[in-house]
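Listed here are the chains, written in short residue letters.
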Amino acid sequence: MKGNIIITDNNCFVSTMDDVINWMRKSSIWYLLFGTACCAIELMQTGGPRTDIDRIGSVFRSTPRQADLMIVAGTVTYKMAERIVLLYHQMAEPKYVLSMGSCANCGGLFQNSYSVLKGVDKVIPVDVYVPGCPPRPEALMEGILKIQKIMMKEKFLKNHGERKNDIKSLYYSG
Amino acid sequence: MISKVYTILVDRFGEDALLYFDDTLNPYIQVNPEQIQMLCIFMRYNPALKFSFFFSLCGVDYPEKNQITMVYHLFSMKQKKMCVLKTSVSRKNPELESIESVWKAAGWFERELYDLLGVNFTNHSNMKRLLLPDDWVGHPLRKDYEEPSFYHDMETSRNRIS
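Residues numbered from 1 in each chain as written. Chains lettered and ligands numbered in written order. Predicted model: local features only at pLDDT ≥ 70, side-chain atom pairs only at ≥ 80, totals over all residues. Heavy atoms only, no water.

Here's the deal with the overall build of chain B
The helix and strand inventory of chain B stands at three helices and nine strands. Walking chain B from its N terminus toward its C terminus, one meets helices and strands in the order α-β-β-α-β-β-β-β-α-β-β-β. Overall size of chain B, expressed as C-alpha extent along the three principal axes, is 65 × 30 × 25 Å. The burial tally for chain B puts 43% of its 162 residues in the buried class. Across chain B, every contact between residues at least 6 apart in sequence was considered, and the portion connecting residues at least 24 apart equals 49%. Taken as a whole, chain B presents about 9100 Å² of accessible surface, with 52% of it coming from carbon and sulfur. (Helix = DSSP H or I, 4+ residues; strand = E, 2+ residues; numbered from the N terminus. Buried < 20%, exposed > 50% of the residue type's maximum accessible area, 1.4 Å probe, protein only. Contact = heavy atoms within 4.5 Å. Areas by Shrake-Rupley, 256 points an atom, 1.4 Å probe, with all protein chains shown as cover.)

Points about helix 1 (residues 17–26) of chain A
Residues that lie three or four places apart on an α-helix share one face, since the helix turns once every 3.6 residues. Residue and element names in this part refer to chain A. Listed as buried for helix 1 are Asp18, Asp19, Ile21, Asn22, Arg25 and Lys26. One side of helix 1 holds all its buried residues, which, seen down the axis, span an arc of 165°. On the buried face of helix 1, the contacting elements are strand 6 (96–100), helix 5 (137–153) and helix 6 (156–159). (Arc of directions from axis to C-beta.)

Comments concerning the packing of aromatic side chains
Aromatic ring pairs are described here by two measures, namely the spacing of the ring centres and the angle between the planes. According to the stated counting rule, one finds eleven aromatic pairs over all chains in the structure shown. Consider the rings of Phe21 of chain B and Tyr28 of chain B, whose centres lie 5.0 Å apart with planes at 20°: the pair is stacked. For Lys95 of chain A, the ring lying beneath its charged end belongs to Tyr88 of chain A, and the centroid distance is 4.4 Å. The ring of Tyr28 of chain B is capped by Lys86 of chain B, whose NZ or CZ atom sits 4.0 Å from the centre of that ring. (Phe/Tyr/Trp six-rings, centres within 6.5 Å; stacked < 30°, edge-to-face > 60°. Lys NZ or Arg CZ within 6 Å of the ring centre and 35° of its normal.)

Here's the deal with the interface of chain A and chain B
A common way to express how large an interface is: the accessible area buried when the components associate. Residue-level contacts link 15 residues of chain A with 17 residues of chain B. Taken as a group, Tyr78, Tyr114 and Lys122 of chain A account for 51% of the area that chain A buries against chain B, more than any other trio of residues on that side. Connecting chain A to chain B are one salt bridge. Between Glu147 of chain B and Lys118 of chain A there is a salt bridge, with its nearest N and O atoms 3.4 Å apart. Secondary structure elements with two or more residues in the side of chain A that touches chain B: helix 3 (78–90) and helix 4 (101–106) of chain A. Take the side of chain A that touches chain B: its biggest share by element is four residues, from helix 3 of chain A. (Buried area = accessible area lost by both parts, 1.4 Å probe. Salt bridge = Lys/Arg side-chain N within 4 Å of Asp/Glu carboxyl O.)

Some words on the environment of Asn66 of chain B
Residue and element names in this part refer to chain B. Relative to the helices and strands, Asn66 is located in the loop between strand 3 (53–62) and strand 4 (67–76). As for Asn66 and Met77, which are separated by eleven residues in sequence, their C-alpha atoms are 36 Å apart. Each residue touching Asn66, except ones within four places of it in the same chain, is listed here: Val89, Ser90 and Arg91.

Some words on the pattern of salt bridges
Applying the stated rule across the entire model yields nine salt bridges over all chains. Between Arg83 of chain A and Glu82 of chain A there is a salt bridge, with its nearest N and O atoms 3.9 Å apart. The class of Glu82 of chain A is partly exposed, set by a relative accessible area of 30%. In this structure, a network of salt bridges that share partners links the residues Asp61, Arg91 and Asp144 of chain B.

Just distances and angles here, no functional claims.
Here's what the structure looks like:
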């Protein structure tokens, strides 16, 4: 935690509430355990010992109710896109979406196919795009660090967890 | 080797129903579409043939010939030989007898063909779409398939539609 810290004594410090809350939030990004294609293999690898995302407090949750971050790992077909939107709406606010790999970004290799959604941002708002086919574990780690940076900039108390990149603002901004 | 199979088949079904082509890499036998089920039963259970293993079934769309060709790959464990059968149906109203009763696994391939090419297999136990959603319009592996611009309010192209 950097920024507004004043150390007054050996055992206490003074900071803003926002900074402390954001520091706690960014240190426990729980992501939703699901993968739509081969990028999920690389997502598993990111949890492995070399690029251990557990060390920044990022662990997988099997239910969307407990997850903060959705990592869309792989090709999204129209059939699956409806399920992804359902999972997204089941997640509690504030929620973040990381689009992993070319297929989730823009359709990638399969963008001329009849059954593949051309980018997951057609159906849900995306915070961070990680390019690659598939991205290396280091790249995914970088993406999660970017999510942490987004979290640290937010005024959590002022906005009560509401985010600008919300699905509502996507629909009603015109 | 397949020519031997062909002679056995000709003895049973007659010369006018079967045509043999060996100018391709895999020699194949062109079959009359009405006889496909009888022929498959014969090929599976005849002691000289014993084509017990069903490899694959795929379809090819030929708009210029106005027909859809079905390609059957069969394998005989006894003879250790593969046999290719081809049969063509009309493109406008493609209908063919199901061979699910001969090889159970063929039922999945037939459902896939119904899904992607729109071939209707009669006497199939569950003639529904296999891969695509049930409310999908059209059969996407046909050459004249045109993708709609929206599917369930999702854009189907990267270009923004105003």
